[in-house]
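The residues making up each chain are set out below.
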Amino acid sequence: MNIVLIGFRGTGKTAVGKSLAQRLGRQFIDADEYLEEKTGKSIAQIFAEGGEAAFREMEREIISGLSRRDGIILAAGGGAVLDERNVKNLKKNGVIFLLEADADTIQRRLASDEKTDSQRPPLTDKSFREEIRSLLKFRRPYYEAAADHTINTSELGREEVAEKILDHLPQ
Ligand code: S3P
């Protein structure tokens, strides 16, 4: 069984995934980093060359492949669960944890994360602030439908979130 982390950009999927991997002695894979390694291109580059559609197609292939593994901790990109094929694949062999945070916290975390420029190209024509708020609203039902468990990370550090996830896992 895999442990799958989903949620909006900046909700802590990668940080929490790494902490969980260390605690459980399991492998952590960030689907975005994996995709970048496989293609030799940054996500920003993929968007610039083929648009979001090209990225989503690659993301689907990567998730399909990673879902066939067992025992990994997998962080899916923030938009992955908008495609029901990804949700189906991730659910086959995974328990899905949704990490949430409020818009201000997300905005603050993204602004101070050095990966934002290369891994998080704009998804709309809106301002950074407005994009976060409108996509959070649009995506909420997708995230909630995909999740087995939900954890709000706004007030928690990565280790505290990891502990909450461990509480939900069968002993
Ligand atoms: C995306 C989130 C990013 C990355 C890509 C698209 C999104 O992943 O997959 O920039 O649509 O929300 P993170 O959630 O890891 O930032």
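The rules behind these values
- Residues numbered from 1 in each chain as written.
- Predicted model: local features only at pLDDT ≥ 70, side-chain atom pairs only at ≥ 80, totals over all residues.
- Heavy atoms only, no water.
- Near = heavy atom within 4 Å.
- Polar contact = N/O pair within 3.5 Å; in protein donor to acceptor, adjacent residues only side chain to side chain.
- Areas by Shrake-Rupley, 256 points an atom, 1.4 Å probe, with all protein chains shown as cover.
- 1 Å grid on protein atoms, 1.4 Å probe; cavity = no way out; pocket = protein on both sides within 12 Å on 5 of 7 lines; lining within 4 Å.
- Sits in = over half its atoms within 2 Å of the grid points.
- Nonpolar A, V, L, I, M, F, W, Y, C, P; charged D, E, K, R; others polar.
- Patch = residues over 30% accessible without salt bridge, like charges linked within 9 Å, V, L, I, M, F, W, Y side chains within 5 Å.
- Salt bridge = Lys/Arg side-chain N within 4 Å of Asp/Glu carboxyl O.
- Helix = DSSP H or I, 4+ residues; strand = E, 2+ residues; numbered from the N terminus.
- Phe/Tyr/Trp six-rings, centres within 6.5 Å; stacked < 30°, edge-to-face > 60°.
- Buried < 20%, exposed > 50% of the residue type's maximum accessible area, 1.4 Å probe, protein only.
- Points joined across faces, edges and corners; volume = space filled by probe spheres on them.

(A) Spotlight on the site of the ligand. Surveying the vicinity of the ligand reveals 13 residues, the closest of which are Lys 13, Asp 32, Arg 56, Gln 119 and Arg 120. Between the ligand and the protein, one listed contact pairs an oxygen atom with a backbone N or O atom of Gly 79 at 3.4 Å. Measuring from an oxygen atom of the ligand, one finds a side-chain N or O atom of Arg 120 at 2.6 Å. In isolation the ligand offers 390 Å² of accessible surface; the protein chains occlude 99% of this area. Put simply, the ligand lies in the largest pocket. In terms of residue class, the shell around the ligand is made up of 3 nonpolar, 4 polar and 6 charged.

(B) Summary view of a nonpolar patch on the surface. A surface patch of nonpolar side chains, about 260 Å² in accessible area, is lined by Leu 82, Phe 138 and Tyr 142. With respect to the element layout, Phe 138 can be found in helix H7 (residues 128-146).

(C) Highlighting the packing of aromatic side chains. If you walk through the whole model with that rule in mind, you get 2 aromatic pairs. With centroids separated by 5.5 Å and ring planes inclined at 40°, the aromatic side chains of Phe 138 and Tyr 142 adopt a geometry described as tilted. Here Phe 138 pairs with Tyr 142, and both are found in helix H7, just 4 residues apart, close to one helical turn. Taking relative accessible area as the criterion, Phe 138 reaches 48% and is therefore assigned partly exposed.

(D) Inspection of helix H2 (residues 31-39) at higher detail. For H2, every residue scored as buried is listed here: Ala 31, Asp 32, Tyr 34, Leu 35 and Glu 36. Structurally, the start of H2 carries an N-cap: the backbone nitrogen of Asp 32 is 2.9 Å from a side-chain oxygen of Asp 30. Of the residues one or two after H2, Gly 40 is the one with positive phi, at around 70°.

(E) Up close: the layout of surface pockets. Roughly 640 Å³ of internal volume is contained in the largest pocket. Counting only elements with at least two residues in the lining of the largest pocket, the list comes to helix H1 (13-24), H2, helix H3 (43-67) and helix H8 (158-168). The calculated volume of the second largest pocket comes to roughly 170 Å³. Only strand S4 (94-100) and H7 provide two or more residues apiece to the lining of the second largest pocket. Here the lining of the second largest pocket is composed, by residue class, of 7 nonpolar, 3 polar and 3 charged.

As far as function goes, none of this settles anything; it's purely spatial.
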